[in-house]
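Here are the chains, one letter per residue:
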Amino acid sequence: MVKAEVHYLSPALAPRPAEPLVYSKETRGAITAPVNISLADARIDPASQLPPREQLQLRGFAMVPDFLPACHAELHAVEGPAAYRQDGRAESRESAEIRQAYFRDIEDLVRKVTGAEVAFAVTHNVRTPQSHHLAKGAKRRDGDVNPGVDYIQSYAQFVHCDYSPGVLAKARRMLSTRGVEAVDELAFVNVWQPILHEVEMAPLALLDSRSVAHAEMETTILGYAITPSSSGKVRPSILQLRPSAAHKWFYYPRMQPSEALVFVQADSRPGHARHCFHTSVKHAVSDQPIPRHSIEVRVLCGFRRTETARL
């Protein structure tokens, strides 16, 4: 077991507040509180011996070894999305070409791992040492604060799910715009992968969904307008969590660039993990670890009930 600190919603907050909570760099101190937890090694957890699809169903996450997409050696060139920056700079052609190729391989992986009839990569994020430090207010060598990297590109250090359950109502419309109508159930999953080197610091911690009670979940608003809508960009709803001694936390020590984590953000299927809460943690394997560089892709899935029955 590894000891770590994570930020839950503050126990001082009233349950189901009248006004929606907003999480941002400015409000995090008021609505979250640090809690010490124990992180178990997911590699030796008995559930990790199950096929990845069964792991996802039971606990909400699975690690896929030997995932080497065709563009693997070029992933370091993929940029964070323009929607997460303030400078309005468009994505470079090189980044777009590599990202689109990566998305195709991610969609294939997700269909295989989840049994989805269809899978569409919808958004991504890239977290680098530079974006993490600049988002915290660090300065360039020329002394100017970088306005182009928002707080959202730093290592996420609070317990959350990227989507609230309400996203599933929008998911069917999103599939319809992609020409897909004949699906019965819906889900969003994330694929998370290190780039260039193993994870030596700020690993991703994942919460076994079986240890979470529905009453502990709280829908909040992310304080950044990053989600496209018909009226422009809006602040999305996310899920945050209240602490519980029953929570069972896991991580994968020294994750390799050839490994990928698949975990659930929201899933409509009965008998499946609905959410997988997660956060990065301040843990390092040495006194001078290599800062983490990672990419994550959010994938919209559609299922037919005949598919889910195969488990």
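For the structure, see preceding data.
Read on for a plain summary of the structure. (Residues numbered from 1 in each chain as written. Predicted model: local features only at pLDDT ≥ 70, side-chain atom pairs only at ≥ 80, totals over all residues. Heavy atoms only, no water.)

A few words on the pairing of strand β9 (residues 217-222). Burial analysis of β9 places five of its six residues in the buried class, the great majority of the element. Relative to β9, strand β2 (residues 21-23) is paired through three bridges, and the arrangement is parallel. Residue pairing across strands places Val-22 opposite Ile-221, the latter belonging to β9. Note that β9 and strand β12 (residues 237-241) share five bridges and pair antiparallel. Bridge pairing in β12 places Glu-218 opposite Gln-240. (Buried < 20%, exposed > 50% of the residue type's maximum accessible area, 1.4 Å probe, protein only. Helix = DSSP H or I, 4+ residues; strand = E, 2+ residues; numbered from the N terminus. Pairing = 2+ DSSP bridges.)

Attention now moves to the pattern of salt bridges. With the rule as written, the count across this model stands at 16 salt bridges. Between Arg-254 and Glu-198 there is a salt bridge, with the nearest N and O atoms lying 2.4 Å from each other. Taken as a pair, Arg-254 in the loop between β13 (249-251) and β14 (260-267) and Glu-198 in the loop between β7 (185-194) and β8 (204-207) lie far apart in primary sequence, 56 residues in all. With a relative accessible area of 16%, Glu-198 lands in the buried category. Via salt bridges that share partners, Arg-127, Asp-162, Glu-296 and Arg-298 belong to a single interconnected network. (Salt bridge = Lys/Arg side-chain N within 4 Å of Asp/Glu carboxyl O.)

This paragraph deals with the nonpolar core. The nonpolar side chains of soluble globular proteins are, as a tendency, buried together. Counting 31 residues, the largest nonpolar core has Tyr-102, Ile-106, Val-110, Val-299 and Cys-301 as its most contacted members. Elements represented by at least two residues in this core include exactly β4 (61-64), α3 (93-114), β5 (118-127), β7, β14 and β16 (294-303). Of all the elements, α3 adds the most residues to this core, at seven residues. Residues within four places of Ile-106 in sequence aside, it is in contact with Phe-67, Val-191, Val-297 and Val-299. (Core = buried A, V, L, I, M, F, W, Y, C linked by side-chain atoms within 4.5 Å. Contact = heavy atoms within 4.5 Å.)

Two elements, strand β1 (residues 2-9) and strand β3 (residues 32-41), share eight bridges in a ladder whose sense is antiparallel. Considered in β3, the bridge of Lys-3 is made with Ser-38. As judged from the three bridges shared by β3 and β13, these two strands associate in the parallel manner. The residue bridging Leu-39 from the neighbouring strand is Trp-249, located in β13.

The residue His-124 is located in strand β5 in this model. Looking at His-124, its side chain comes within polar contact range of the main-chain oxygen of Glu-79, at 2.9 Å. What His-124 contacts, discounting residues up to four positions off in sequence, is Val-78, Glu-79, Gly-80, Pro-81, Tyr-84, Arg-99, Phe-103, Glu-296, Val-297 and Arg-298. (Polar contact = N/O pair within 3.5 Å; in protein donor to acceptor, adjacent residues only side chain to side chain.)

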